[in-house]
Amino acid sequence: MRALRWLLAVLTLGRLARRRAQPESEKERIVPKGTPERGAENLVLLFFMLTMIFAAGFLFVYAYFNASSMPNELLGICIGGAMACLGGAFLVIGKRLVVTEELDEDYPGENPEEQEEVVQIIHESGSRITRKRLLIGAGTAAAGALGAASLAPAVSLGPIWDTGALDRSPWRRGRRVVDETEAPIRAADVLEFTFYTGFPEGAPKEDIASSLVIIRVNPAKLKLPPVRAAWAPHGILAFSKICTHAGCAIGLYRKPTFTPVEPNDALVCPCHYSTFDPYTGGTVIYGPAGRPLPQLPLEIDSDGNLRAAGNFSARVGPGWWNVRSKPTFGTD
Ligand code: FES
């Protein structure tokens, strides 16, 4: 039995050696030689070119428009078109340019000789292609353009190196609080059980740290941290309008309808229902937000208008700061 195994091993090695010694041209073909298909090659090149055009279109649209006016449908058409064209190119290659070989036997295993056959099959399957370098170059460029288009949205995740812009806030002591028409918001006009949106007078309203949600509550019910005792004159509170979970606008003000489970009114983000308690300084009482809403200290000037009495209690914005670092300004 042992001798038989040795004999088989020697015979196999001999066969392999003979095959290796054979020059490429003299090797017996496994896959029949196919006739060149220039038309199919041109079609593949066209598909690759369209892939690049669509991918470049995606990059252009993404770079040209700002977030608020981004035409998402156009982005979808561009990236979808690029993927469809790349798929079309592979379809033509598979159907028209690769000579197909049907195997009656099991798929080759790990035997070195069988693996060599697989390599030979792959090599010979491309016999219809006459402009290999051109096709490989165009394919690489198309895949590269599509890859760049797919990765481009990562830019929207925020700055990596220069994060200073995220720290800037237009609020400082004495800055008047105005509405969207730049009209000052008077303390007397702020009523209970409703909420108002405020902005810093004369500053860009679209800055992430600009917008405020302003409410009035019963001052007797406030449980603010001692350091914020003077931040809510007559029970008027101001918080950043940007949810600390993922940056949606705080757009709901919940009024208690069933006191056993909703003892107080609360500020709610409609995106994932993070709920913030204004009485305790914007602490999270429900939902995925990882930290309180930053509070802005308020004061009332001699004309009865609301003014900032300082900067926010913490950095404004979504979860970024929850994982990046501790807040470095404010009192929290
Ligand atoms: S963005 Fe506000 S709860 Fe998710």
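Since the structure is predicted, the reported quantities are computational estimates derived from the model, not experimental observations.

### Overview of the overall build of the chain
On a plain count of helices and strands, the chain comes out with seven helices and 11 strands. By the burial criterion, 38% of the 332 residues in the chain qualify as buried. Accessible surface, the chain as shown: approximately 19400 Å² in total, 61% of it carbon and sulfur.

### Topic: unusual backbone geometry
The phi dihedral of E182 falls on the positive side, at around 70°, and the residue is not glycine. Mapping E182 onto the fold places it in the loop between β1 (177-178) and β2 (196-200). Although it is not a glycine, H234 sits at a positive phi angle of roughly 55°. Secondary-structure assignment places H234 in the loop between β3 (212-216) and β4 (236-240).

### Section: the confidence of the model for the chain
Here the chain averages 84 in pLDDT, while 84% of its residues score no lower than 70. The low-confidence segment residues 324-332, where pLDDT is below 50, has 21 contacts with residues more than four positions distant or belonging to other chains.

### Notes on the nonpolar core
V44, F48, F58, Y62 and L75 are the most contacted members of the largest nonpolar core, which totals 24 residues. Those elements that provide at least two residues to this core are α2 (38-64), α3 (72-97) and α5 (132-151). Within the second largest apolar cluster, 17 residues are counted, among which are A187, I242, L296 and A308.

### A short note on the packing of α2 against α3
Where α2 meets α3, the closest approach of the two axes is 8 Å, and the angle between their N-to-C directions is 165°. Between α2 and α3, the angle is such that the two are roughly antiparallel. Note that α2 runs across α3; the crossing there is left-handed. Classifying every residue of the contact of α2 with α3 gives 23 nonpolar, four polar and two charged.

### With respect to the environment of R315
Within the secondary structure layout, R315 lies in the loop between β11 (306-308) and α7 (320-324). Looking at R315, the relative accessible area reads 7%, which means it is buried. Separated by 147 residues in the primary sequence, R315 and R168 have C-alpha atoms spaced 8.8 Å apart.

### Some remarks on the sheet that holds β3
Reading across from one edge, β1-β2-β3-β4-β9 is the order of the five strands in this open sheet, with antiparallel pairing throughout. Two strands in the sheet have a free side with no partner beyond their single neighbour: β1 and β9 (295-296).

### A few points about the environment of A149
Structurally, A149 can be placed in helix α5. Placed 67 residues apart in sequence, A149 and A82 show a C-alpha to C-alpha distance of 9.3 Å. When neighbours within four sequence positions are excluded, A149 is seen to be in contact with A55, F58, L59 and I79.

### Structural notes on the side chain of Q295
Among the secondary structure elements, Q295 is positioned in strand β9. Its relative accessible area of 0% is what places Q295 among the buried residues. Here the side chain of Q295 touches R228 through a polar contact of 2.8 Å, side chain to side chain. Not counting residues up to four positions away in its chain, the partners in contact with Q295 are L224, R228, W231, L237, A238, F239, G281, N311, F312 and S313.

### Topic: α3
Across its 26 residues, α3 extends 36 Å between first and last C-alpha, which sits within 8% of the 38 Å expected from 1.5 Å per residue. Along α3, the positions that sit buried rather than exposed are L75, C78, I79, G81, A82, C85, L86, G88, A89, V92 and L97. Looking at the packing, one finds that the buried side of α3 touches α2, α4 (112-125) and α5.

Each value, and the rule that gives it
- Residues numbered from 1 in each chain as written.
- Predicted model: local features only at pLDDT ≥ 70, side-chain atom pairs only at ≥ 80, totals over all residues.
- Heavy atoms only, no water.
- Helix = DSSP H or I, 4+ residues; strand = E, 2+ residues; numbered from the N terminus.
- Buried < 20%, exposed > 50% of the residue type's maximum accessible area, 1.4 Å probe, protein only.
- Areas by Shrake-Rupley, 256 points an atom, 1.4 Å probe, with all protein chains shown as cover.
- pLDDT = per-residue confidence, 0-100.
- Contact = heavy atoms within 4.5 Å.
- Core = buried A, V, L, I, M, F, W, Y, C linked by side-chain atoms within 4.5 Å.
- Axes fitted to C-alpha atoms, helices over the stretch in contact; angles between N-to-C directions.
- Parallel < 35°, antiparallel > 145°, perpendicular 65-115°, else oblique.
- Left-handed = near helix turned anticlockwise from the far one by under 90°.
- Nonpolar A, V, L, I, M, F, W, Y, C, P; charged D, E, K, R; others polar.
- Pairing = 2+ DSSP bridges.
- Polar contact = N/O pair within 3.5 Å; in protein donor to acceptor, adjacent residues only side chain to side chain.
- Expected span 1.5 Å × (residues − 1).

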